Amino acid sequence: MHSLLIRVMTTFFFTTVIVIVGLMLVVNYQVSENFNSYLYMSGMHGMMMNHGNMASMMGAPEKQFFMSLKQSLLLAAGAMLFIVAGISYYLARNIATPVIDLNQAVNAVAEGNLDVAVAVERQDEVGQLAIAFNTMTTKLKSNTLLRQRFLAGVAHELRTPLTILKANLEGIADGVIIPDAEQMNSLTEEVDRLTKMVGELRNLSLLEVGQLQPEIAPMDIKQLVTQVVLKSKPLANAKNINLHSETDERLPLILADGNMVNQMMYNLILNSIKYTPSSGQITIVATTEGSMVKIKVIDTGIGIAVEDLEHVFDYFYRVDPARTKVSGGTGLGLALVKQMALAHGGQVKAESKLGQGSTFTVLLPIHPQ
Ligand SMILES: Nc1ncnc2c1ncn2[C@@H]1O[C@H](COP(=O)(O)OP(=O)(O)OP(=O)(O)O)[C@@H](O)[C@H]1O
Ligand SMILES: [Mg+2]
């Protein structure tokens, strides 16, 4: 048996035993006293004459009465002890079992088993502890999974450009490849891609642990949106996509890091251009919502399926890896947008309908003037 169960049970049992024995002694004493005083009163006269004591005043029936009283008391005490033992075990089990289960589950987690869950059978603090424990293991499991996926993603993304670079460098060293300008450009592109990815990963990890804080200052979001749209126009025009912005006339200043908001807007707009076929529409809408400015990037592109939508902000997640690889995407753009929005105390949401288009919404805090 578990030591906690034994301790709780013996504590209950002995506490009750002490109370019962105490009660019995009091009852015994009280009955004897009352009986004696009854005998004394009724035999006062005779006693005065005989100068006798109390015991000598008791006849056989009185002694019989006392004997049977003591026997009854002992019998009642025995029966009560028996019942108390049962109740103690039941109560102790009720209190100790969830704690014992939790203890075993915690030990299992400490040994690396994240599949354990404890049964939630009550609503009190112990039940809440069980719920908190189950939530904790679920989070730990999903974090472990994310970390494994992240590491696998980094390894996978690094391997391809490194393999290309190695093969080309070996070819050049062996004289099989004569490095011309085109060759050098393509190798430089691979290095650029690697550099971009490593930089993004660094920023992402720093943002996640709060070590890359946005340099917050009041800024004109309307002006920033106009500039990003202007700079992205040539890319949109090249695909015959109509890119334009519709911002509220009186948009308040926001409190944000200009460089980060710039990058967030670029990532979203470049995605929309990338995933919108020719003759499509991309509209940037900026409005106020409570204490936030809401910036929507709406496109009439290929859209995202429901099952993919919940993952698009994950590291390295690409709906169609083969297709985005051609366009140079690593699947980190939206993860960065999300971490940057969170670092500002804002948020980002995605809505989409497959084949109809997507809307990405960023909320950033207004500057309280
Ligand atoms: N506007 C959009 N329309 C359709 N799909 C999109 C859109 N934006 C993102 N996606 C999907 O979400 C995935 C993740 O986007 P994300 O920006 O993180 O990565 P990426 O564009 O592939 O690469 P990069 O790291 O260069 O941005 C994309 O691969 C694409 O499948
Ligand atoms: Mg992208």
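A quick note: this is a predicted structure, and the numbers were derived from the prediction, not measured.

To continue, consider the overall build of the protein. When its secondary structure is counted, the protein shows eleven helices and seven strands. Over its C-alpha atoms the protein spans a radius of gyration of 41 Å, topping by over 25% the 21 Å that the globule rule assigns to 369 residues. Each of the three principal axes of the protein carries a C-alpha extent, and together these read 140 × 60 × 35 Å. Burial analysis of the protein (369 residues in total) assigns 18% to the buried set. Counted over contacts in the protein with a minimum sequence separation of 6, partners at least 24 positions apart contribute 68%.

Split into domains, the protein comes out as domain 1 (3–113), domain 2 (127–208) and domain 3 (217–365). Computed over C-alpha atoms, the centres of domain 1 and domain 3 are 78 Å apart.

Taken together, 23 residues lie around ligand 1, and Tyr275, Val319, Gly329, Gly333 and Leu334 are the ones closest in. At the level of elements, α8 (258–274) and α11 (333–343) are the ones that each hand at least two residues to the shell around ligand 1. Of the residues assigned to the shell around ligand 1, the class counts are nine nonpolar, eleven polar and three charged.

Residue position: Ile178 is located in the loop between α5 (125–174) and α6 (181–208). Owing to 8 C-beta atoms within 10 Å, Ile178 belongs among the exposed residues under this scheme. The sequence separation of Ile178 and Asn168 amounts to ten residues, and the corresponding C-alpha distance is 9.8 Å.

Below, the discussion takes up α5. Helix length check: α5 (50 residues) gives 72 Å between terminal C-alpha atoms against 74 Å at 1.5 Å per residue, within 8%. In terms of residue burial, α5 counts as a barely covered element, since only three of its 50 residues are buried. Residues Ala130, Thr137 and Glu157 constitute the buried set of α5. Turning to α5, the residues buried within the fold contact α4 (60–110) and α6. Of the residues trailing α5, Gly175 is marked for its positive phi of about 80 degrees.

Before going further, it helps to spend a moment on unusual backbone geometry. Residues other than glycine seldom take positive phi values, yet Asn240 does so here, at roughly 60 degrees. Its place among the elements puts Asn240 in the loop between α7 (221–238) and β2 (242–247). Judged by the 10 C-beta atoms lying within 10 Å of it, Asn240 is exposed. You will see that Phe316, though not glycine, has its phi angle at about 65 degrees, which is positive. Relative to the helices and strands, Phe316 is located in the loop between α9 (306–309) and α10 (321–326).

Right, let's talk about the pairing of strand β6 (residues 347–353) for a bit. By the bridge criterion, seven bridges tie β6 to strand β7 (residues 357–365) in an arrangement that is antiparallel. The residue of β7 that forms the bridge with Val348 is Val362. Here β6 hands over to β7 after three residues, with Gly355 in that stretch at a positive phi of 85 degrees.

Turning to the environment of Met41, a few remarks are in order. Structurally, Met41 is set in helix α1 (residues 3–42). The sequence separation of Met41 and Gln223 amounts to 182 residues, and the corresponding C-alpha distance is 109 Å.

If you trace the five strands from one edge of the open sheet to the other, you get β2-β4-β5-β7-β6, paired in mixed fashion. Edge positions in the open sheet fall to β2 and β6, since each of these has one partner strand only. Neighbour to neighbour, the strand axes of the sheet diverge by 15 degrees on average, direction disregarded. Where strand β5 (residues 292–299) lies against β7, eight bridges are found, and the strand directions are antiparallel. Following the sheet pairing, Val297 is matched in β7 by Phe360.

Let us look at α4. Across its 51 residues, α4 extends 72 Å between first and last C-alpha, which sits within 8% of the 75 Å expected from 1.5 Å per residue. Approximately 35 degrees is the largest bend angle found in α4, and it occurs at Ala96, with the proline Pro98 only one to four residues beyond. Buried within α4 we find Ser88, Ala92, Ala96 and Pro98. Where α4 is buried, its residues contact α1 and α5. Once α4 finishes, Gly112 follows within two positions and takes phi at roughly 100 degrees, a positive value.

What follows deals with the nonpolar core. Among soluble globular proteins, nonpolar side chains are generally buried collectively. Formed by 36 residues in total, the largest nonpolar core has its most connected members in Met264 and Val337. Contributing elements (two or more residues each) for this core: α7, β3 (254–256), α8, β4 (281–289), β5, α11 and β7. Discounting chain neighbours no more than four positions away, the residues touching Met264 are Val337, Met340, Ala341 and Val362.

Cut-offs used in this document
- Residues numbered from 1 in each chain as written.
- Chains lettered and ligands numbered in written order.
- Predicted model: local features only at pLDDT ≥ 70, side-chain atom pairs only at ≥ 80, totals over all residues.
- Helix = DSSP H or I, 4+ residues; strand = E, 2+ residues; numbered from the N terminus.
- Rg over C-alpha atoms; globule rule 2.2 N^0.38 Å.
- Buried ≥ 20, exposed ≤ 12 C-beta atoms within 10 Å, placed from the backbone.
- Contact = placed C-beta atoms within 7 Å.
- Domains from an automatic or database assignment.
- Near = placed C-beta within 6 Å.
- Nonpolar A, V, L, I, M, F, W, Y, C, P; charged D, E, K, R; others polar.
- Expected span 1.5 Å × (residues − 1).
- Pairing = 2+ DSSP bridges.
- Axes fitted to C-alpha atoms, helices over the stretch in contact; angles between N-to-C directions.
- Bend = angle between axes of the 7 residues up to and from the residue.
- Core = buried A, V, L, I, M, F, W, Y, C linked by C-beta atoms within 7 Å.

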